[in-house]
Structure formats: C-alpha cells, structure tokens
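Listed here are the chains, written in short residue letters.
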Amino acid sequence: MGKRSRSAFLDCGLMDIPPDSLNEAAYAAAVAELNARQPSRMVPDLDRITTLAELLGRPERSYPSVQVTGTNGKTTTVAMISGLFGALGLVAGSYISPHLQDVRERIRIAMEPIPGAELAQRLAELAPFLVEVDARHPERVTYFEALTALAFTHFADAPVEVGVFEVGMGGRWDATNLVRGEVAVLTPISLDHPELGSVVEEIAGEKAGIIKDGAVVVSAAQQPDPARTIEQAAQRHGGQLVVAGRDFSVLQRRKAVGGQQLDLRGVTGEFAEVYLPLHGAHQATNAACALAAVEGFLGFAGGLDPEVVREGFAAVRAPGRLEVIQRDGAPTVVLDGAHNPGGARALASALREEFAFLRRLLVIGVLGDKDIDGIIAELAPLADHVVVTEPPSTRAADPDDVAKAVQGRGIAFEVADDVAEALERAQEEAAPGDGVIVTGSLYTVGAARDALGLPSG
C-alpha cells in the first residue's frame, strides 16, 4: 500500500515539477491520492502522526500555538482568533476541518487558503515520509494525519508566528494534539460523536486532553459535569483557567446589517461597539472565547487596543455558518452546517430572532452517525416545508430515515436525489418574503455552495 502511495505521486510527475508549473490536473491527482487515505474506522492513538512528525523534524514545535476543541463553534472560533492575531500584526497559520468545497480551505496563513500548486507540491514532498511511516505501522497514515503533518510543515516553513489549530475529533488522540498548545480553548461541549463517549462528562474528558502543562485554558460556559472535568484537568496541568460568564463575557449584543454589534468584557478590559459580521447569539459567545484566548496568549499583560479588537473581528468570515445569500429575484438562502442538536438549536434561535421570513423552507441532509431525531426536533417547529436529501458523503444517512423523522412531526415534506435538486425544489416552492435554509451537515452546505456557484473560500 505504501508503494502505491508513492507511485501515485511519481506517476503524475509531482516530485520534479516546480510549484509554479503545477496545474489543476496535478493538484487533482494529489488530492485523489490523499482521499485514498480516508480511514474505514477510527484508531485512537498518536503513533503514526508522532512517527511522521519526528521524521519531519517536529515542525509543530517551531512556533507557539492555540488549540481549539468543543462540540460546536470550533471553526468560527479559530477564524476569530486568527483575525485578532492578524490585526495585532502577527502572522497566524490556521488549520480547520472539515472543508466545505475544497481541501485548500483547511490550511491558511494570514487567513488566506494555501494555493493549490503549493498544496500539491507539499503532498509530493510528504509522500516518501508517508511511505516510511506506513511501513512501520499496521495502519496506514490517515487522510487527517497527512493533512495535519502538511499544515505543521507549511506553517514552520512560512514561518508563522503562531499556529491556531482546530481539533478534528475529541482532543486527547487527535493528530493536532502534538502542538505545543500554550492556549487551549474549549467551546460548548455536548453529545455528538458516539466514539468519544456516551455521556457528556466522558466527552469532556477526551476534549480536555488537549490541555498542556502550564497552558492558559479558556472555557465557554459548560454544563456542570464537563465544567468540573475541565477544571480538574486544568489543575492537574498547572494551567490558568478562565471561564465565560465568570472571567469574560458578552455584555450586550445588538442586531446590525450583515451581523451584530457586540460589547465584550475580556479578561483584561472591556471592548464596546465591536462589529461581528456573523449572525447568532452563539457567535457572540464564540467571539468572547476568541478574545480571551488571544488575551491569554499575550499573557493577560495589559489591555488590547479596542481599535485592534474591532479590526480583527470585522475581518472574520465563516462560510456555511448562518451564511446569508441574497440575489435579485430569488428567495433568500441561509446556509448553516448545524449537524447535531446543539447546532440545530442555535440555528433555530437565530432564525427566530434575526430573520423575519414569512415561511421557512428547509433543505436537510444529515450524516448517518448523527442524532437525526434530535436535529429534526429542534428545527421542526420552525419549518413550513422540508426537502430531504442526501449529502455527498459515504457516511450520509438514508433520506428515507430523515423523512420518517420529519413525517413524525406532521410537516409537509418531499425527497430529492441530491442537494442541488433539493435546493432547486425549495427555491421553486418559495414565495417572495420566504427563506430557504440549507442545513443538517457541512457536506450538505458545501454541496449547496457549489450548486449556487459560490467560490471556495
């Protein structure tokens, strides 16, 4: 299997082609080889990524880092932290997952995605190391591990002044957990991936596994059990724990065109009239955590310039997270990747508070390992019509199973073969003043962005 991995790169000539001459075909070949490393099961260990990082010279140790875990809000919190670092004049590398439309979205420097030619070249350079690690371990290096190692080296070579890493799943056994982790951020924790535990306290224990010795630990408001687990982990590692509501908070939020206006209380001071171009109370909470994380990275030494804070948050973009698409003559479309009951609850709250649609037409596609009934229960009270579909993933839930959950709520529904068809049907059904909401999975949202002709980014 290792030989096949190396030959795939050699066959498309990537090992010898300078980055500026790599074309889309070469990039596509490299990504296809990367996709072939998708695991069939989760393997809870750090053996392969550790071996790979050691062969590469431990690039992830060459810069300080902030690590973000939690159940919801990780990607936007990473974007906010990166935006604040940029406004401070620091070159930040950010690593997120999953992507919506293109794998290049996952790896960014100064908020700009890695160019395709550079990603392909780096994958080619990584190929012999992957072959070596594959030969040393019973399981191949996975897709996520390979991308994580690529991000490590890309940031080290840039070089960045700080890395901001989103945990892929859990924390303790996640490939990103090799980073130095001077700051650990834990967004709200709830049940989601069954592999992590059957109760919230177990999941919190896995996620608190990112806390390193002496780290600053930033926690959103949590349920009592996960809050206690996080506090105990911080104490074991001699960390400095700051908690939303106690040490920092959202003082006030007001609706604004294209987002919201916030007054934030950080750990080191208050910041008024902060414009955040994102919708939803949950995004305000994420902003407060991001601010505390940056304050903690700087050592809580003196307050930040309010203008810098405003500049950082104003620069934040989060495609697929309550993203509003408006076009002449067409109904408003809202894209939100809510893929668990907590995310669906946040979406429902934002739709009630911030969008005055006459009717809401939902396009829903969910993955099979998610709590389908829980997601539908949160969204059903808002839905006037539902189009059920299948997201483009091998893990997609059978649309009939989703349709049964919708039917049980007494809502008018129909089933479409794919996301593009579902979106078209919902738009045709919509009247002036109605809203079309695409949700249930980031895969569903990514396919909708493709169908709408929106660029990756």
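What comes next concerns the included structure. Please read these numbers as outputs of a predicted model, since none were measured by experiment. (Residues numbered from 1 in each chain as written. Predicted model: local features only at pLDDT ≥ 70, side-chain atom pairs only at ≥ 80, totals over all residues. Heavy atoms only, no water.)

### Quick look at the sheet that holds strand S10 (residues 259–265)
The three strands lie next to each other as S9-S10-S11, forming an open sheet whose pairing is antiparallel. The sheet is open, and its two borders are formed by strand S9 (249–256) and strand S11 (270–276), each paired with just one other strand. Across the sheet, the axes of successive neighbouring strands diverge by a mean angle of 20 degrees, strand direction being ignored. As judged from the seven bridges shared by S9 and S10, these two strands associate in the antiparallel manner. Bridging across to S10, Ala256 finds its partner in Gly259. Along the sheet face, helix H10 (residues 306–314) touches S10 and S11 and points at about 25 degrees away from the line of S11. (Pairing = 2+ DSSP bridges. Helix = DSSP H or I, 4+ residues; strand = E, 2+ residues; numbered from the N terminus. Axes fitted to C-alpha atoms, helices over the stretch in contact; angles between N-to-C directions. Contact = heavy atoms within 4.5 Å.)

### Description of the sheet that holds strand S17 (residues 435–439)
Pairing is mixed across the open sheet formed by six strands, whose spatial order is S12-S13-S17-S14-S15-S16. Looking at the sheet topology across the chains shown, the edges are occupied by strand S12 (323–325) and strand S16 (413–415). Averaged over all neighbouring strand pairs, the angle between strand axes comes to 20 degrees, with direction disregarded. Running over the sheet, helix H14 (residues 419–429) touches strand S13 (332–335), strand S14 (360–364), strand S15 (385–388), S16 and S17 and is turned about 175 degrees from S14.

### A few points about the side chain of Arg37
Within the secondary structure layout, Arg37 lies in the loop between helix H2 (24–35) and helix H3 (47–55). Here the side chain of Arg37 touches Val141 through a polar contact of 2.9 Å, landing on its backbone oxygen. (Polar contact = N/O pair within 3.5 Å; in protein donor to acceptor, adjacent residues only side chain to side chain.)

### Section: the nonpolar core
Of all hydrophobic cores here, the largest spans 41 residues; its most connected members are Ile81, Val185, Val218 and Phe313. Top element by residues in this core is helix H9 (residues 281–297). It accounts for nine residues. For Val185, the contacting residues outside a window of four places in its chain are Val66, Gln67, Val68, Thr69, Thr77, Ile81, Ile210, Val218, Cys289 and Ala293. Counting residues in each nonpolar core, the second largest holds 34 residues, with Ala30, Tyr63, Ile107 and Val141 among its members. (Core = buried A, V, L, I, M, F, W, Y, C linked by side-chain atoms within 4.5 Å. Buried < 20%, exposed > 50% of the residue type's maximum accessible area, 1.4 Å probe, protein only.)

### A few points about the pattern of salt bridges
For the structure shown, the criterion picks out 27 salt bridges. Because the salt bridges share partners, they merge into one network encompassing Glu33, Arg37, Asp134 and Arg140. (Salt bridge = Lys/Arg side-chain N within 4 Å of Asp/Glu carboxyl O.)

### Considering the pairing of strand S7 (residues 216–219)
For a regular strand, side-chain orientation follows a simple rule: the groups alternate between the two sheet faces. Neither face of S7 is exposed, since Val216 and Val218 on one face and Val217 and Ser219 on the opposite face are all buried. In this structure, strand S6 (residues 183–186) lies alongside S7, joined through four bridges in parallel fashion. Bridged to Val185 within S7 is Val218. As paired strands, S7 and strand S8 (residues 240–243) are joined by four bridges and run parallel to one another. Each residue of the ladder has a partner; that of Val216, found in S8, is Gln240. This β-α-β element, S7 to helix H8 (residues 224–236) to S8, shows right-handed connectivity. (Right-handed = clockwise from strand over helix to strand, strands pointing away.)

### Focus on unusual backbone geometry
For the bond from Ser97 to Pro98, the omega torsion is -5 degrees, close enough to zero to count as cis. Position of Pro98 relative to the elements: it lies in the loop between strand S2 (92–95) and strand S3 (107–109). Backbone geometry at Phe300 places phi at a positive 55 degrees, although glycine is not the residue there. Counting through the fold element by element, Phe300 comes out in the loop between H9 and H10. Exposure remark for Phe300: the relative accessible area of 16% places this residue in the buried category.

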